[in-house]
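What the coordinates show
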Amino acid sequence: MAASLGNSSPTLQILCKKCKFPINPFFSFSHYNKSHNLDSFSSFSHPLTRSYCRRSTIRADSTNAVEPPRKYDFDLFTIGAGSGGVRASRFAANLGASVAICELPFATVSSDSTGGVGGTCVLRGCVPKKLLVYASKYSHEFEESCGFGWKYAAEPEHDWSTLIANKNAEIQRLTGIYKSTLKNAGVELIGGRGKIVDPHTVDVDGKLYSAKNILISVGGRPFIPDIPGSEYVIDSDAALDLPSKPKKIAIVGGGYIAVEFAGIFNGLKSDVHVFIRQKTVLRGFDEEIRDFVGEQMLLRGIEIHTEQSPQAIIKSSDGSLSLKTNKGTIDGFSHIMFATGRKPNTKNLGLESVGVKLKENGAIEVDEYSQTSVPSIWAVGDVTDRINLTPVALMEGGALAKTLFANKPTKPEYRAVPSAVFSQPPIGQVGLTEEQAIKEYGDVDVYTANFRPLKATLSGLPDRIFMKLIACAKTDKVLGLHICGEDSPEIMQGFAVAVKAGLTKADFDATVGIHPTAAEELVTMRTPTRKLRRTPSEGKTDSEFKAAAGV
Amino acid sequence: MARKMLIDGELEKHSEEETRYDFDLFVIGAGSGGVRASRFSAQYGAKVGICELPFHPISTEVIGGVGGTCVIRGCVPKKILVYGATFGSELEDARSYGWELNEKIDFNWKKLLHKKTEEIVRLNGIYKRLLSNAGVKLFEGEGKVVGPNEVEVIQLDGTKISYSAKHILIATGSRAQRPSIPGQELAITSDEALSLEELPKRAVILGGGYIAVEFASIWRGMGATVDLCFRKELPLRGFDDEMRAVVARTLEGRGITMHPGTTLTELVKTEDGIKVRTNHGEELLADVVLFATGRAPNTKRLNLEAVGVELDKTGAVKVDEYSRTNLPSIWAIGDVTNRMNLTPVALMEGTCFAKTVFGGQPSKPDYSNVPCAVFCIPPLSVVGLSEEQAIEQANGDVLAFTSTFNPMKNTISGRQEKTVMKLVVDGETDKVLGASMCGPDAAEIMQGIAVALKCGATKAQFDSTVSGPTFQSLCSSLCFSAFISFFTCL
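Residues numbered from 1 in each chain as written. Chains lettered and ligands numbered in written order. Predicted model: local features only at pLDDT ≥ 70, side-chain atom pairs only at ≥ 80, totals over all residues. Heavy atoms only, no water.

We apply this condition: UniProt positions are given in the numbering used here, feature names are shortened, and annotations may be inferred rather than shown by experiment.
In the annotation of an unreviewed UniProt entry, chain B is listed under the name Glutathione reductase and assigned to Olea europaea subsp. europaea. UniProt lists a comment for chain B under the heading Sequence similarities (unreviewed entry), and it reads "Belongs to the class-I pyridine nucleotide-disulfide oxidoreductase family." According to the UniProt record, the Subunit (unreviewed entry) comment for chain B is "Homodimer."

If you look chain A up in an unreviewed UniProt entry, it shows as Glutathione reductase from Olea europaea subsp. europaea. Among the UniProt annotations of chain A, the heading Catalytic activity (unreviewed entry) holds the following wording: "2 glutathione + NADP(+) = glutathione disulfide + NADPH + H(+)".

As structure tokens, then:
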């Protein structure tokens, strides 16, 4: 797959003692792909209709024609060409299926009628966000570099329009790459809004397509609560494509999107105020990590207003905005951004009429194989509101392709999915939080390290790294790993493999460190910071604090 | 506390024997291995003495310092300079991200050098405190072995004191060597390179090992022109060949001039700098010539031969799997044994030594799947076998998976530099035999991979790990880790 992106070249070689010959597992399916061009006959007037019969004879092994197959335009019709939809479609096509995918026209800000190939991740999520994070991190690097002997004649200034132009050029390039990826896989891309007509028919802007299976992967969109003045508020889509940089911005919300944007605008020298309902940011994350990242954000100049709920936005005559909360009003904002959650894009898809069950929040209900209540209709990604991460959508898409077209019913595996928050400093985590671990296992040992990295001792900046490893007291298995500090997501990437593999604390200890790195700290944690034990009488967990040995 | 009492009880049993010596353990050399072994032994209840030469950034036979190579003239100062140098390219990249910077940004070498020295002095102090907190007695002076159970410390004022010890541990490390070519005295080694008064404008480096490529990156990042001369076709002999080629390519891409198949024949001092002559008759001019041609164990002045401790032909102390020399009361760990010359390995050897001798648990250091990193810019990090080693050792087929991609950060900065990752897998068992990566943050990423490899993880286990939306990969899904996308791609 990466190969088809052109800028990446994975190769698989089998190396025998004497000979080398390359094999590419996907290319071995290429004869199926070729059959896409053999449009034998058409049952519909659509120009690129393919025959299911013909395909089933080619893939006699995987699709056994027990009942006389109905003829469909496609084996799979996917609505929504984001991460999950593209992955499922391409993999399905690689497995020999005839596949079409529809997507709304490209726009940086999404709506009911705009979207674009690549979806949230590429156009208004992970990618543009990360590019802005890269840009905003430089101001911290300039500060750091002064401690390493670099000197600036003038304070570096940032030009927002250069960044946004470069960002937009990049996402344009990527949407192009996604399109050619689909094309190379033999997936037919149909522009327009897809709507389900019946369990086997999709309507795209008035044109009907029949499909044996329909996949819904339309993702989610930012949600802004309806309060007075909410029309002045921007969401994350808009924040990634503002015409000018905010001078003073209020960010309402304490989730990962809020803290990431707080870091971005703070790094680009905006005056940033974050308003959260709770006492700390990032509900659901490990409590100590929440405290730590909050402190580090403060040290970098972000103001966090805790336990405040927004009530109204008022626009004053000079154009500036005021945010009224339960605790008072703060004036003088050039922008107010709400990062108050996202909602699945399930409206006007025709789902209710065909009987696809939705959850209360509008997400599509699916079983472990991503199948909806209508057997021929499937759903992956954010629209199902399971774990809303690109790599999870990819996993779900890949699993679905296997289930449908490789005769291998495959469930996505949600255990120990690592994730990152690109706050500044960033967070990497995998597995359970301390709170979850105690709830699930009772007796756990917690190892923590909170230190000043080598870089910070030279730069003189107050940057620290916090690491936490949670092990099961009974089995010694590592249950969770949480890091906040520079390079945390990168460090976590390697350790996620170890945690996923169910390795023990002893396995970590047996591994030699890479010196000098921050990551080596995780294999040199010798003494538990605390041992938490369930006291049998009360069924509660007791905490036994031990002085850190410091050795 | 409970532990302490247990040990005390144990010690009493041998009290008659113990009283015969001044120390249970006397350690010569307070570097990574020596300090670790001393502290851990003391924690097991042993009475420990350690001696070390007086502190100085540049080591000789008579100066060194608590902390050893790693802290004073190795890993730590090197990494500090690498950080300093990395900013050079970062600042270039910043412009494409919208930052308006002056054409020329000043770099003040003296300031960095000063701060580096401050930091290693601070660490030197921390190490001393660690020793005293552990109850280890530190002596400043040169240690010599005068008998199987006797050590002599020559103090700064020249007075000699003898101590008897039940066990003697040699942890004196190693020092950079110089090839004997005409004009060799004009060149420097890594010790001096970490403490140069002036930043060179033109540097010539002889050697293809990790020290050579690291200094090449440091000086290049700070703006010098760098010529790297090495004997082989590629730098970093012993690493995976494919990755060696990747490093050579990226170093070249960053403006370092590579001279493969090259040695230096003569150095001549001229008005214009040092004239360097190569075996190809080429002439280069340099402000600084660095020899990074290997290190030799510090065993010369220890009086080991006289006592009967066997050395190998490189001068390294010969030890068994438990780090014991041919004399049962004398042990050696770290670079002086020339096994695997890495700080974390010396630490492991020190820990195993303390466990074996004072912890009642004979422990062998385990040298399998030891990860390491070369801090060139961008870094290379590896764990386990190279493809060549895997082919040699495996019975059946070996699968090699490589992924080459443009890190996301480069898409806007326009930097032409690919990140490469590689997994070497046993075809029969699916076990991952080796992993390597050359690209930003490789060392941080590889640490966790090393844990997985250490436990015999399979390729299937790697594949099943869903990635978080991490770093630079522009592979496949564009927003998650290169590693995972690369696993799932294949």
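Now that the structure has been shown, the text picks up again.
**As for the overall build of chain B**
Going by this rule: Helical segments are the DSSP runs of H or I of at least four residues, strand segments are the runs of E of at least two, and each set is numbered from the N terminus. With C-alpha atoms as the basis for the radius of gyration, the globule rule is written as 2.2 Å multiplied by the number of residues raised to the power 0.38. Think of it in three bands: residues with accessible area under 20% of the maximum for their type are buried, residues over 50% are exposed, and the middle band is partly exposed, with areas taken using a 1.4 Å probe on protein chains only. Any two residues having at least one pair of non-hydrogen atoms within 4.5 Å are treated as being in contact. The Shrake-Rupley method, run with a 1.4 Å probe sphere, supplies the accessible areas, and residue values consider only the shown protein chains as cover. In this charge count, Lys and Arg are treated as positive and Asp and Glu as negative; neither His nor the chain ends contribute. The atom standing in for a charge is NZ when the residue is Lys, CZ when it is Arg, CG when it is Asp and CD when it is Glu.
When helices and strands are counted, chain B shows 16 helices and 22 strands. The C-alpha radius of gyration of chain B comes to 24 Å, within 12% of the 23 Å expected for a compact globule of 490 residues. Dimensions along the principal axes, computed over C-alpha positions, put chain B at roughly 70 × 60 × 45 Å. For chain B, the residues scored as buried account for 61% of the 490 residues in total. Considering only contacts in chain B between residues 6 or more positions apart, those separated by 24 or more positions represent 60%. As displayed, chain B offers around 18500 Å² of accessible surface, 50% of which is attributable to carbon and sulfur atoms. Of the charged side chains in chain B, 53 are positive and 60 negative; the average position of the first set lies 3 Å away from that of the second.

**Examining the nonpolar core**
Filter applied, for reference: Here, nonpolar core refers to any group of buried Ala, Val, Leu, Ile, Met, Phe, Trp, Tyr and Cys residues whose side-chain atoms link them within 4.5 Å.
Core analysis: the biggest nonpolar cluster contains 191 residues, and A:I251, B:W219 and B:L228 have the highest contact counts within it. Per-element tally for this core: the top contributor is helix 5 (residues 75-96) of chain B, with 10 residues. Setting aside anything within four residues of it in sequence, one finds B:L228 in contact with B:I205, B:G207, B:A212, B:V213, B:A216, B:L251, B:I256, B:T257, B:M258 and B:H259. The next biggest cluster of nonpolar side chains, apart from the first, holds 26 residues, and it includes A:A449, A:I483, A:I491 and A:L503.

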